[in-house]
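Residues per chain, in single letters:
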Amino acid sequence: MNVKFYGTRGSTPVCEPGFQQFGGNTSCVLIDGPDRVGILDAGTGIRQLGKEMLASTEERFRRPVFMLFSHFHWDHIQGFPFFAPAYDPAREFVITAMGIDRFHHSLRSVFSHQMEEVYFPVSLDQMGAKFTFKESSGDSLGEDDVPEVHTPQPPAPGHEARVIGVLHNHPGGAYSYRIKGQNGKIVTYCTDIEYANGVIDERIVALARDADLLIHDAQYTPDELKTHRGWGHSSWEQACEVAERANVKLLALTHHDPNHDDEMLRGMEKACQQRFKDSVFARDQMVVDI
Ligand SMILES: [Zn+2]
Ligand SMILES: [Zn+2]
């Protein structure tokens, strides 16, 4: 099973020189299993993923694709209108998220609103592909709940992957997910998370327990974190603490700050690797084989 990063930038895309090594596309990750594929978030990186999907002759890219969203801030949905396979009537997408009821919106309306005429020339209904929206209530995810008891709907008919979600601290809320791939390998996706008072959330440690890959927010340096309380993100140091305590095999840091250029990110990566050896700062187009 491969995990491929298509967007590793947080908050807003960047395209300046000096940002090309890590890349400037916002959040999007492909979970590429032997028979099926899944997509985490639809930031601007999903545009390139769409081009590669259309060019691929692999059967798994033509089967229903499971799309899972951490939350709906711009940097996690803004690539969706430019996702070319969504315009192909022969394709099907199962769009899933937890906790959408908190906003008094349907999951479909999150996507149809961003494609209203005032914002975009093509409506969701005109795109062409078949969309199935699966909402899972976040009401049952209390502070004291154990992550393992929460099992949202199976991702898609016949899909063997299982997903567990946890609502975590972020403005408006966001979800971390533990995803069991078709080969039994575990990927934990945890972005746009701020640990309240700097204290690591035990539920996230549980969610990442023995994961083969932990993808974790690392927007800030430990120093920057001190001056960004309430901004909804974490530092690479906190990501390392989660990885250590959860015994993860590989830690991939993501959601890079749009003001952090390649040189700065290389420095942060070096410091991070000194603390947790098996770690890497994710780059757009990076592939991890698990
Ligand atoms: Zn974000
Ligand atoms: Zn966010």
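All of these numbers come straight from a predicted model, not from anything done at the bench.

*Asks:* What exactly am I supposed to notice about the overall build of the chain here?
*Replies:* Check the secondary structure of the chain and you find eight helices and 13 strands. What you see for the chain is a C-alpha radius of gyration of 18 Å, in line with the 19 Å of a compact globule of 290 residues. In terms of overall dimensions, the chain has a C-alpha envelope of 50 × 45 × 35 Å along the principal axes.

*Asks:* What is the right way to look at the pairing of strand β2 (residues 28-32) in this model?
*Replies:* When a strand is regular, its side chains alternate between the sheet's two faces. The buried fraction of β2 is high, at four of five residues. As paired elements, strand β1 (residues 2-7) and β2 share five bridges and run antiparallel to each other. Bridge pairing in β2 links K4 to L30. Two elements, β2 and strand β3 (residues 37-40), share four bridges in a ladder whose sense is antiparallel. Bridged to L30 within β3 is I39. Adjacent in sequence and paired antiparallel, β2 and β3 are bridged by four residues.

*Asks:* Is there a simple way to explain the confidence of the model for the chain in this structure?
*Replies:* One rule of thumb: low pLDDT means the predicted coordinates there are not for detailed reading. Here the chain shows a mean pLDDT of 90. Residues at 70 or above account for 91%. Low pLDDT (under 50) marks residues 138-161, which in the prediction has 46 contacts with non-local residues, meaning those over four places away or in another chain.

*Asks:* Would you mind going over the packing of helix α7 (residues 236-246) against helix α8 (residues 262-275) with me for this structure?
*Replies:* In helix packing, the relevant descriptors are the interaxial angle and the interaxial distance, both defined with respect to the helix axes. Contact pair α7 / α8: the axes reach a minimum separation of 10 Å and the direction vectors enclose 25 degrees. Regarding the angle of α7 to α8, the classification is roughly parallel. Handedness of the α7/α8 crossing: right-handed. Contact with α7, carried on its side by W236, E237 and C240, involves M268, C272 and R275 of α8 and no other residues of that element. The class makeup of the residues in the contact of α7 with α8 is four nonpolar, no polar and two charged.

*Asks:* Help me out: how do you make sense of the nonpolar core in this one?
*Replies:* Nonpolar side chains in soluble globular proteins tend to end up buried together. The biggest cluster of nonpolar side chains holds 73 residues, and the ones touching the most others in it are V29, I39, M67, V187, L214, L251 and L253. Residue contacts for V29: discarding those within four places in its chain leaves V3, F5, Y6, L40, D41, Y189 and I215.

*Asks:* Explain helix α1 (residues 46-55) to me, please; I cannot follow it from the model alone.
*Replies:* Quick reminder: α-helices carry 3.6 residues per turn. Residues three or four places apart thus point the same way. I46, R47, L49, G50 and M53 are the residues of α1 that are buried. Projected down its long axis, α1 carries its buried residues within an arc of 160 degrees, all on one side. Buried positions along α1 lie against β1, β2 and β3.

*Asks:* Could you clarify how one ought to interpret unusual backbone geometry in this entry?
*Replies:* Trans peptide bonds make up most of the peptide bonds, and negative phi angles are found at most residues other than glycine. Positioned with a positive phi, D41 is a non-glycine residue whose angle comes to about 65 degrees. With respect to the helices and strands, the residue D41 is situated in the loop between β3 and α1. Residue classification places D41 among the buried residues on the basis of 28 C-beta atoms within 10 Å. Despite not being glycine, D192 has its phi angle at roughly 55 degrees, a positive value. Looking at the secondary structure, you find D192 in the loop between β9 (186-190) and α5 (202-207).

*Asks:* Hey, could you run me through the sheet that holds strand β7 (residues 162-168) in this one?
*Replies:* Remark on secondary structure: sheet strands pair via backbone hydrogen bonds, oriented parallel or antiparallel. Spatial strand order, β7-β8-β9-β10-β11-β12: six strands in an open sheet with mixed pairing. Every other strand in the sheet has two partners, leaving β7 and β12 (279-281) as the edge strands with one partner each. Along the sheet, successive strands turn relative to each other by an average axial angle of 15 degrees, direction set aside. The sheet contact formed by β9 and strand β10 (residues 213-217) spans four bridges and is parallel. Looking at the pairing, C190 lines up with H216 of β10. The strands that α7 touches are β10, β11 (251-254) and β12; relative to β10, the one it contacts most, it runs at about 155 degrees. Sitting on the sheet, α8 is in contact with β11 and β12, with an inclination near 170 degrees to β12.

*Asks:* I tried to follow the environment of D32 on my own but got confused; where do I start?
*Replies:* Inspection of the secondary structure assignment puts D32 in strand β2. When the 19 C-beta atoms within 10 Å are taken as the criterion, D32 is described as partly exposed. Taking the C-alpha atoms as reference points, D32 and Q182, separated by 150 residues in sequence, lie 9.4 Å from one another.

Conventions adopted
- Throughout this description, residue numbers start from 1 for each chain and increase along the sequence as written.
- Going through the entries in the order they are written, you letter the chains from A and number the ligands from 1.
- This being a predicted model, a pLDDT of at least 70 is required before a residue's local features are given, and a value of 80 or more before pairs of side-chain atoms are given or counted; all residues contribute to the totals for chains, interfaces and linings.
- Strands are runs of DSSP state E lasting at least two residues, helices are runs of H or I lasting at least four, and both sets are numbered from the N terminus onward.
- In this treatment the radius of gyration is a C-alpha quantity, and the globule benchmark scales as 2.2 Å times the residue count to the 0.38 power.
- Exposed residues have 12 or fewer other C-beta atoms within 10 Å of their own C-beta, buried residues have 20 or more, and partly exposed residues fall in between, where C-beta atoms are placed from the backbone.
- Strands qualify as paired when DSSP identifies two bridges or more between them.
- pLDDT measures the predictor's confidence residue by residue and takes values from 0 up to 100.
- For the purpose of contact definition, each residue receives a C-beta atom placed from its backbone, and two residues are in contact when these atoms lie within 7 Å.
- What counts as an axis is a line fitted to C-alpha atoms, over the stretch in contact for a helix, and the angles between N-to-C directions run from 0 to 180 degrees.
- We call two directions roughly parallel when the angle between them is under 35 degrees, roughly antiparallel when it is over 145, roughly perpendicular when it lies between 65 and 115, and oblique otherwise.
- By definition, turning the near helix anticlockwise from the far helix through less than a right angle yields a left-handed crossing, and turning it clockwise yields a right-handed one.
- Only Asp, Glu, Lys and Arg are considered charged, only Ala, Val, Leu, Ile, Met, Phe, Trp, Tyr, Cys and Pro nonpolar, and every remaining residue, Gly among them, polar.
- We define a nonpolar core as a collection of buried residues of the types Ala, Val, Leu, Ile, Met, Phe, Trp, Tyr and Cys that are connected via C-beta atoms lying within 7 Å of each other.
- As used here, the arc is the angular range of directions from the helix axis to the C-beta atoms.

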